[in-house]
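Chain by chain, the residues:
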Amino acid sequence: MRTEKQSNRTAHSTKNQGTSSPPRARFIWRAATCLLGLLGSLGAASADTSVCGTIAGQHWTIAGSPYRVTCNINVALLTIDPGVTVLFQSNYLFEVDGFLTAAGTLAQPITFTRTNGGGWSGIFFNYCENGSEMDYCNISAVQGGSAISCITANPVLRSCVVFNNASSGEAGGLYVDNRSYPGSEMLVQSCTFSNNTSAFHGGAVSAH
């Protein structure tokens with residue numbers, strides 16, 4: 001008799017503690033979980049950032065990535081964080097007239113590529129002062145020009161991968177013309193050039 005009372009007491013105690021949720025409570029909990037998941041996915045989708053025109057004093061972060069280029073870009077001052085992806089929606093040019101710091105890492109490179117079938121026009125350092133640098137950047141799918149062009153400019157390029165680019169002129173990968181920049185030296189360190197083509201000489205690199 002004592003054992004039976006003890007068993008009943010235990011069963012009653014367990015029931016009050018609620019070790020299993022009622023069906024309605026389980027349904028509400030699952031619905032809330034699904035809603036949170038949906039809101040999270042919407043938040044991730046809204047991370048896309050459209051960019052166009054003059055870029056001055058901006059800082060592109062992985063939270064805003066990917067950055068979708070919707071017209072020609074003219075960089076006055078820009079910092080790009082590791083892991084950022086820059087997607088060109090059409091045949092747009094990324095021109096640097098000021099300072100660009102694109103510092104990726106081995107684990108989180110910065111990616112420049114296109115979303116359309118026609119390619120984009122590459123990164124053009126145009127008569128800009130020393131001080132720009134690109135580290136661990138992957139540049140691909142440029143068509144018509146060089147992936148990186150430098151006219152009277154000496155950006156530092158380290159551990160970049162330049163691949164699958166096609167130029168209608170010289171150098172599908174890197175084109176440098178510093179003839180009007182006497183005494184200048186450009187550092188290109190530990191970079192890889194792969195499957196770049198050009199209509200003229202210098203399939204990968206051409207320097208003057």
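Values in this document were obtained by computation on a predicted structure and should not be read as measured data. The written sequence of each chain sets the order in which its residues are numbered from 1. With pLDDT at 70 or above as the cut-off, local features in this predicted model cover only qualifying residues; side-chain atom pairs require 80 or more to be listed or tallied, and sums for whole chains, interfaces and linings still use all residues. To obtain the side-chain values, all non-hydrogen atoms of the structure were used and water was disregarded.

Participant: Just to check I follow, could you spell out the side chain of Asn178 for this structure?
Facilitator: Within the fold, Asn178 resides in the loop between strand 14 (174–177) and strand 15 (188–189). If we skip the residues at most four places from it in the chain, Asn178 touches Cys150, Ile151, Thr152, Ala153, Asn154, Ser184 and His208. Counting from the N terminus, the helices are DSSP H or I runs at least four residues long and the strands are E runs at least two residues long. Pairs of residues are marked as contacts when any of their non-hydrogen atoms sit within 4.5 Å.

Participant: Honestly, the packing of aromatic side chains in this entry has me stumped. Any pointers?
Facilitator: Remark: the centre distance and the inter-plane angle together describe each pair of aromatic rings, the angle taken between the planes. Stacked, tilted and edge-to-face pairs are distinguished by plane angle, under 30 degrees for stacked and over 60 for edge-to-face with tilted covering the rest, among Phe, Tyr and Trp rings (Trp via its six-membered ring) whose centres lie within 6.5 Å. Taken as a whole and judged by the stated rule, the model has five aromatic pairs. For the ring pair Trp60 and Tyr67, a centre distance of 4.7 Å and an interplane angle of 10 degrees mean the geometry is stacked. Ring geometry for Trp60 against Phe94: centres 6.5 Å apart, planes inclined by 75 degrees, an arrangement best described as edge-to-face. Of the two residues, Trp60 is situated in strand 1 (residues 49–60) and Phe94 in strand 4 (residues 94–103); the sequence distance between them amounts to 34 residues. Per residue, the accessibility class of Trp60 equals that of Phe94, and both read buried. Joined through ring pairs, the aromatic side chains of Trp60, Tyr67, Phe88, Phe94, Phe112 and Trp120 make up one cluster. For each residue, the accessible area found with a 1.4 Å probe, counting protein chains only, is set against the maximum for its type, and the residue is called buried under 20%, exposed over 50%, and partly exposed in between.

Participant: Please explain the environment of Asn116 as it appears in this structure.
Facilitator: Structurally, the position occupied by Asn116 is in the loop between strand 5 (110–114) and strand 6 (123–126). Taking the C-alpha atoms as reference points, Asn116 and Phe88, separated by 28 residues in sequence, lie 7.5 Å from one another. Setting aside its immediate chain neighbours within four residues, Asn116 contacts Phe88, Gln89, Ser90 and Asn91. For Asn116, the side chain forms a polar contact with the main-chain oxygen of Gly119, separated by 3.3 Å. Each polar contact in these results corresponds to two N or O atoms within 3.5 Å; when the atoms are within protein, one needs to be able to donate a hydrogen and the other to accept it, and residues that are neighboring in sequence are counted only if both atoms are side-chain atoms.

Participant: Teacher, can you tell me more about the environment of Val161 here?
Facilitator: Mapped onto the fold, Val161 is located in strand 12 (residues 161–163). Once the C-alpha coordinates of Val161 and Thr192 are considered, the two residues, 31 residues apart in sequence, prove to be 4.8 Å apart. If we ignore the near neighbours within four places in the chain, the residues touching Val161 are Cys137, Asn138, Ile139 and Thr192.

Participant: Can you walk me through the pattern of salt bridges in this structure?
Facilitator: Two side chains of opposite charge can pair, provided their charged atoms sit close to one another. The term salt bridge refers to a side-chain nitrogen of Lys or Arg lying within 4 Å of a carboxyl oxygen of Asp or Glu. Tallying each qualifying case throughout the model produces four salt bridges. For the salt bridge of Arg158 with Glu133, the shortest nitrogen-to-oxygen distance reads 3.5 Å. Highlighted residues: Arg158 in strand 11 (residues 156–158) and Glu133 in strand 7 (residues 133–135), separated in sequence by 25 residues. Between Asp177 and Arg179 there is a salt bridge; the shortest N-O distance is 2.8 Å. Of the residues examined, Asp177 reaches a relative accessible area of 13% and is grouped as buried. Through salt bridges with shared partners, a single ionic network connects Glu133, Asp135 and Arg158.

Participant: Could you clarify how one ought to interpret the pairing of strand 10 (residues 148–151) in this entry?
Facilitator: Looking along a regular strand, one sees the side chains alternate between the two faces of the sheet. Neither face of strand 10 is left uncovered, since the one carrying Ile148 and Cys150 and the one carrying Ser149 and Ile151 both have all their residues buried. Strands pair, by our definition, only if DSSP identifies at least two bridges between them. The pairing of strand 6 with strand 10 spans four bridges and is parallel. Looking at strand 10, one finds that Ile123 is bridged to Ile148. Both strand 10 and strand 14 contribute to a ladder of four bridges, which runs parallel. Bridge pairing in strand 14 links Ser149 to Tyr175.

Participant: So what exactly am I meant to see when it comes to unusual backbone geometry here?
Facilitator: Residues Ser65 and Pro66 are joined by a peptide bond in cis, for which omega reads 0 degrees. The backbone of Ser159 sits at a positive phi, close to 55 degrees, despite the residue not being glycine. Among the structural elements, Ser159 can be located in the loop between strand 11 and strand 12. Owing to a relative accessible area of 18%, Ser159 belongs among the buried residues under this scheme. Unusually for a residue other than glycine, Ser190 sits at a positive phi of about 55 degrees. The residue Ser190 is located in the loop between strand 15 and strand 16 (192–194) in this model. Residue classification places Ser190 among the exposed residues on the basis of a relative accessible area of 58%.

Participant: Where do I start with the nonpolar core in this structure?
Facilitator: In a soluble, globular protein the nonpolar side chains are often hidden away together inside. The definition of a nonpolar core used throughout is a set of buried Ala, Val, Leu, Ile, Met, Phe, Trp, Tyr and Cys residues joined through side-chain atoms within 4.5 Å. Counting 37 residues, the largest nonpolar core has Phe94, Phe112, Phe125, Met134 and Ile139 as its most contacted members. It is strand 2 (residues 67–80) that contributes the most residues to this core, six residues altogether.

Keep in mind these numbers describe shape, not what the thing actually does.
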